[in-house]
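Here is what each chain is made of, one letter per residue.
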Amino acid sequence: MDKHAQAGWFNRLVSRRSVLATSALGLTVPAVALGMATPESTAQTTSGVTKKVTIYAEALPGGLFGYGLARGQATIPGPILECYEGDTFEITLVNTTDQRLSIHPHGVDYTTDSDGSPLNASFNNPGETRTYIWRTKEMTATAGRRWIPGSAGYWHYHDHAMGTDHGTKGILTGLYGALIVRRRGDILPDKQFTVVFNEMAINNKSAPNTPMFEANLGQRVEWIAIGHGTQFHTFHLHAHRWADNRTGYLEGPSDPTPSIDNKDLNPGSSFGFQVIAGDGERAGTWMYHCHVQNHAEAGMVGLFLVRNADGSMPPGAQEAIDRFRGHMHSATQNSSMPGMDMEHH
Amino acid sequence: MDKHAQAGWFNRLVSRRSVLATSALGLTVPAVALGMATPESTAQTTSGVTKKVTIYAEALPGGLFGYGLARGQATIPGPILECYEGDTFEITLVNTTDQRLSIHPHGVDYTTDSDGSPLNASFNNPGETRTYIWRTKEMTATAGRRWIPGSAGYWHYHDHAMGTDHGTKGILTGLYGALIVRRRGDILPDKQFTVVFNEMAINNKSAPNTPMFEANLGQRVEWIAIGHGTQFHTFHLHAHRWADNRTGYLEGPSDPTPSIDNKDLNPGSSFGFQVIAGDGERAGTWMYHCHVQNHAEAGMVGLFLVRNADGSMPPGAQEAIDRFRGHMHSATQNSSMPGMDMEHH
Amino acid sequence: MDKHAQAGWFNRLVSRRSVLATSALGLTVPAVALGMATPESTAQTTSGVTKKVTIYAEALPGGLFGYGLARGQATIPGPILECYEGDTFEITLVNTTDQRLSIHPHGVDYTTDSDGSPLNASFNNPGETRTYIWRTKEMTATAGRRWIPGSAGYWHYHDHAMGTDHGTKGILTGLYGALIVRRRGDILPDKQFTVVFNEMAINNKSAPNTPMFEANLGQRVEWIAIGHGTQFHTFHLHAHRWADNRTGYLEGPSDPTPSIDNKDLNPGSSFGFQVIAGDGERAGTWMYHCHVQNHAEAGMVGLFLVRNADGSMPPGAQEAIDRFRGHMHSATQNSSMPGMDMEHH
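The name given to chain A in an unreviewed UniProt entry is Multicopper oxidase, with the source organism recorded as Actinocrispum wychmicini.

Trainee: Just give me the short version of the sheet that holds strand S3 (residues 81–84) of chain A, but keep the residues and values in it.
Mentor: Pairing is mixed in the open sheet, where 4 strands are placed in the order S3-S10-S9-S5 (chain A). Of all the strands in the sheet, just S3 and strand S5 (104–105) of chain A have a single pairing partner and so form its edges.

Trainee: Outline the interface of chain B and chain A, listing residues and values.
Mentor: Listed per partner, the contact involves 65 residues of chain B and 59 residues of chain A. Buried area between chain B and chain A, both sides added, is near 4800 Å², and the carbon and sulfur share of it is 52%. Joining chain B to chain A, the criterion identifies 5 salt bridges. Connecting chain B to chain A are 30 residue pairs in polar contact (both at pLDDT 80 or more). Elements with a contribution of two residues or more to the side of chain B that touches chain A: strand S15 (234–237), strand S16 (242–243), strand S17 (259–260), strand S18 (262–264), strand S20 (284–290), helix H4 (293–297), strand S21 (301–307) and helix H5 (317–325) of chain B. Examining the composition of the side of chain B that touches chain A, we find that 5 residues originate from one element, S20 of chain B, more than from any other.

Trainee: Please give an account of the nonpolar core that cites residues and values.
Mentor: Ranked by size, the top nonpolar core spans 153 residues in total, and within it Trp223 of chain A, Trp223 of chain B together with Trp223 of chain C carry the most contacts. Aside from chain neighbours lying at most four places away, what touches Trp223 of chain B is Phe193, Val195, Phe213, Phe235, Leu237, Phe271, Gly272, Phe273, Val275, Tyr288 and Phe304 of chain B.

Trainee: For the relation of the copies chain B and chain C, give the residues involved together with the corresponding values.
Mentor: The operation relating chain B to chain C is a screw motion whose rotation component is 120°, with 0.0 Å of axial translation and a residual RMSD of 0.0 Å. Considering both components of the superposition, the chain copies are consistent with a three-fold axis. When each C-alpha of chain B is compared by its distance to the rotation axis, Phe232 of chain B comes out closest, at 4.5 Å. Mapped onto chain C, only 10% of the interface residues of chain B again fall at the interface, so the copies present different surfaces.

Trainee: Now, about the domain arrangement of chain A: what can you tell me, with residues and values included?
Mentor: Residue and element names in this part refer to chain A. For chain A, the assigned domains are domain 1 (3–182) and domain 2 (191–326). Interface area, domain 1 with domain 2, both sides summed: about 1900 Å², of which 57% is carbon and sulfur. Between the two partners, domain 1 and domain 2, sit 1 salt bridge. Where Glu222 meets Arg182, a salt bridge forms, and the shortest distance between an N and an O atom there is 2.8 Å. Summed over the shared surface of domain 1 and domain 2, the number is 8 residue pairs in polar contact (both at pLDDT 80 or more). Secondary structure elements with two or more residues in the side of domain 1 that touches domain 2: helix H1 (3–21), strand S9 (153–158), helix H3 (168–172) and strand S10 (176–182).

Trainee: Give a detailed account of the pairing of strand S10 (residues 176–182) of chain B, specifying residues and quantitative values.
Mentor: All names here are of chain B. S10 sits mainly inside the fold: 7 of its 7 residues count as buried. Taking every second residue as pointing to the same face, both faces of S10 are buried, with Tyr176, Ala178, Ile180 and Arg182 on one and Gly177, Leu179 and Val181 on the other. Bridge count between strand S3 (residues 81–84) and S10: 4 bridges; the pairing is parallel. Each residue of the ladder has a partner; that of Glu82, found in S10, is Ile180.

Trainee: Lay out the sheet that holds strand S1 (residues 50–60) of chain B with the relevant residues and their values.
Mentor: Residues and elements named next belong to chain B. Reading across from one edge, S2-S1-S4-S6 is the order of the 4 strands in this open sheet, with mixed pairing throughout. The open sheet has two edge strands with one neighbour each: strand S2 (64–68) and strand S6 (129–135). This sheet shows a mean twist of 25° between the axes of neighbouring strands, independent of strand direction. Summarising the sheet, S1 and strand S4 (residues 88–95) pair through 8 bridges and their orientation is parallel.

Trainee: An account of the interface of chain B and chain C is needed here, citing residue identities and associated values.
Mentor: The accessible area lost on association of the parts is a frequent measure of interface size. Residue-level contacts link 59 residues of chain B with 64 residues of chain C. A per-residue breakdown of the area chain B buries against chain C is headed by Leu119, Arg146 and His166 of chain B, which together make up 17% of the total. If you look at where chain B meets chain C, you find 5 salt bridges. The tally of links from chain B across to chain C stands at 30 residue pairs in polar contact (both at pLDDT 80 or more). Elements with a minimum of two residues in the side of chain B that touches chain C: strand S8 (147–148), strand S9 (153–158) and helix H3 (168–172) of chain B. Residues that form the side of chain B that touches chain C fall into these classes: 16 nonpolar, 27 polar and 16 charged.

Calculation rules
- Residues numbered from 1 in each chain as written.
- Chains lettered and ligands numbered in written order.
- Predicted model: local features only at pLDDT ≥ 70, side-chain atom pairs only at ≥ 80, totals over all residues.
- Heavy atoms only, no water.
- Pairing = 2+ DSSP bridges.
- Helix = DSSP H or I, 4+ residues; strand = E, 2+ residues; numbered from the N terminus.
- Contact = heavy atoms within 4.5 Å.
- Buried area = accessible area lost by both parts, 1.4 Å probe.
- Salt bridge = Lys/Arg side-chain N within 4 Å of Asp/Glu carboxyl O.
- Polar contact = N/O pair within 3.5 Å; in protein donor to acceptor, adjacent residues only side chain to side chain.
- Core = buried A, V, L, I, M, F, W, Y, C linked by side-chain atoms within 4.5 Å.
- Buried < 20%, exposed > 50% of the residue type's maximum accessible area, 1.4 Å probe, protein only.
- Least-squares fit on C-alpha atoms with pLDDT ≥ 70 in both.
- Domains from an automatic or database assignment.
- Axes fitted to C-alpha atoms, helices over the stretch in contact; angles between N-to-C directions.
- Nonpolar A, V, L, I, M, F, W, Y, C, P; charged D, E, K, R; others polar.

The structure is reproduced here in structure tokens:
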């Protein structure tokens with residue numbers, strides 16, 4: 001991971017903590033403890049908390065834009081925003097740019113004032129500050145012994161006003177991020193990674209500058225995958241798989257959900273899942289990439305470094321990273337390979 | 001909604017009533033009453049009704065074609081055809097055009113005679129009338145404590161013979177419609193909207209001439225989304241979400257289905273779901289659109305007007321409609337906006 | 001089906017038998033007996049068998065490549081590899097070509113040594129033999145009363161090293177196949193068909209040379225669909241439908257899975273399902289095809305011949321096959337059709 005990407009990543013981690021600090025739900029206690037999870041049966045409270053978050057939309061070098069939780073801290077993608085069903089987000093969006101822009105969420109509830117669309121005159125003019133309210137709720141009973149789904153999901157937010165009424169310029173240049181609404185009882189992760197396939201890039205970067213995500217063997221890692229732009233993509237993660245449902249886990253032996261390791265990731269869609277890093281027993285450097293062949297070749301590839309449980313590097317992991325970066329520093333098991341053509345320069 | 005689209009829409013509503021009138025199942029009683037739903041336990045009858053429907057395939061202005069339930073009544077999309085598992089459709093297709101064409105259904109059962117494909121010599125020559133039989137059934141037990149699914153689903157029908165053996169010309173020019181097979185006990189909607197993403201248009205129209213769907217706050221609204229053509233799309237509806245399964249509802253707390261508000265809608269696929277208009281509390285003018293950015297920009301956008309519960313217009317709703325149509329009639333909350341570039345002209 | 005395709009198909013059937021012969025699980029007993037299925041409750045053994053399989057990667061005429069279970073037996077797609085959760089594959093890949101290549105599996109567990117990627121220096125140089133280990137497992141309990149999914153699924157394997165680090169040349173030229181991991185208790189099929197949508201071809205063939213799959217009315221047929229390349233596709237099968245979940249069957253009346261007959265099949269993705277040929281009562285010649293209109297027109301169409309239960313040809317079936325092949329041998333119900341333009345030459 002290059003320094004810039006790394007800085008962005010660290011910023012994001014810090015940012016996330018900031019968001020959670022605004023919560024009354026104690027999400028910032030160590031993840032290990034949170035992993036024990038509140039039983040669903042005790043979580044049927046309907047009163048949520050209100051999370052007041054100030055987000056700064058800022059210009060970044062290279063014609064990019066980003067959302068951040070403090071001035072000068074904008075990242076691509078923006079901070080992960082998360083809450084439990086029943087909570088409310090009160091987002092104060094500060095537009096520090098000279099562009100019209102907004103923030104439009106998926107999955108949650110909002111009035112037309114908070115739609116984030118020019119259609120509803122819901123946006124920030126240049127320099128303007130505006131508040132958007134996003135509400136969430138638990139599932140509710142309806143006719144026919146069925147339930148209207150609650151807000152829980154791996155959602156996302158993005159600009160809907162820069163350049164065009166659909167925010168095409170804002171999305172293209174980095175104004176997007178992950179939004180997670182959890183159902184009480186959901187398992188909390190040790191780490192979180194946001195992967196946005198946007199045009200022919202990942203988080204607006206191409207290999208080898210795409211994010212290198214890191215975890216220790218056995219850690220519970222949450223991936224939030226988001227699609228944007230005009231291209232179709234398929235997200236593939238090596239050596240891990242997940243159930244293609246709301247959580248990535250099965251509810252039990254009669255849960256019909258298929259397991260997958262490759263999933264369509266097209267504009268406006270998002271999904272998330274948790275895996276145990278290295279599946280609990282196979283540390284190493286693993287690829288995640290778009291499986292559309294010419295997209296992978298064009299640089300839609302990144303690395304998931306699964307360290308040993310103690311944080312040390314497993315054999316071969318650094319060599320793989322070096323290959324990815326185009327610098328072959330050490331001999332490998334197949335060191336005589338003549339055709340080792342690394343396209344990731 | 002322009003007059004032509006409106007006429008089409010009203011015709012479709014009338015058409016739908018006509019189809020249901022042929023049913024012995026009483027689907028035309030008020031939806032409120034039907035919403036109480038027959039319990040599944042009493043619905044395991046295997047005898048269905050036969051619905052005899054005459055459909056007219058007709059040429060429309062502008063090189064388009066449509067299916068209709070009476071001469072001169074063809075619309076794009078064609079009428080919603082619906083039944084319960086166990087019922088049979090006996091479709092008499094009258095070809096009033098000078099083209100070879102057919103009707104090919106998804107999801108239901110048919111013999112090669114009713115395949116609607118030139119492969120099986122199943123089509124109408126110009127001027128010809130031909131009958132197609134579509135059967136449906138309930139789920140049946142099979143080995144391993146599993147069940148072969150019944151016919152229930154949000155399906156569709158389309159031409160499979162005009163222009164080429166795959167009906168490429170017929171599909172391109174409007175010969176398609178929704179086909180719903182319900183399982184007994186399913187919740188019936190108050191309103192139904194058919195949205196067909198076909199090439200770069202919605203129901204063969206571009207914004208601002210795309211359909212404006214209307215409902216009152218709290219009404220149960222059923223969307224049937226169908227994909228056609230050669231492009232990939234993603235269907236997004238603002239301010240509403242649904243469970244990504246057969247009904248759009250959850251079966252209960254252990255139903256693993258994810259909730260979504262954006263879904264791939266690619267050629268030959270269809271899905272449906274029900275939502276409560278405005279989610280029961282947020283009236284207004286909401287967009288539905290393809291989330292592929294350049295498709296939205298090119299006009300794959302329409303409006304879902306959620307009126308107040310009493311049918312009156314909520315604040316700002318008309319202004320949004322006017323903006324969509326490119327006529328700014330009134331001041332808005334952000335009336336000073338300089339960059340209000342409406343691409344929908 | 002042309003002779004070459006037929007030979008490939010027969011070879012594949014033979015190949016499959018060869019793979020299963022290496023199993024200690026008795027998968028080669030007649031499918032009818034296997035169809036009775038081991039009850040899940042008695043299948044919770046954690047000890048699996050190790051299946052040692054030698055696979056030969058070979059050059060084929062026309063610049064193609066294939067995997068096979070014996071020298072000179074390579075086919076496109078390669079042999080179906082299948083096992084139960086808990087089993088291990090020990091794949092000895094013999095590279096008989098002058099190209100760098102590998103075998104990379106989806107869904108199963110492997111260390112970086114068996115990744116099949118140049119990133120992890122896991123590939124066969126020209127002429128080299130290398131062993132890849134793929135492990136599988138059953139579901140395991142985790143926090144929150146949820147389960148980490150086991151390995152069961154309709155997966156696939158493919159080259160990840162020929163031409164580029166992503167195996168783009170290998171995949172393009174035929175180095176792919178199906179990999180099935182079954183959960184104990186799963187229903188075993190009578191027949192299996194592998195359908196790979198790869199660029200604008202099916203199993204690297206175009207109509208009318210695409211595979212014609214055959215079954216007798218009532219046989220339980222398993223389809224494994226795999227996507228590859230750079231294009232997006234939708235797989236459609238006429239006159240049959242399946243539940244869009246792990247097995248294609250429903251678990252019972254409260255299983256929320258939708259039924260479908262058309263599904264996205266994009267690069268790197270795979271799915272599988274079982275259907276009863278002709279739905280148990282409708283023999284005939286049925287199309288399967290990509291529903292993207294211009295892909296179907298370009299030849300992404302094949303036939304599924306459902307014979308009568310006794311293996312005889314149903315009325316009209318041969319005529320349909322002849323039409324598909326572009327040779328009209330007999331009169332048909334609509335023999336006067338002037339516009340019968342067969343694009344499949």
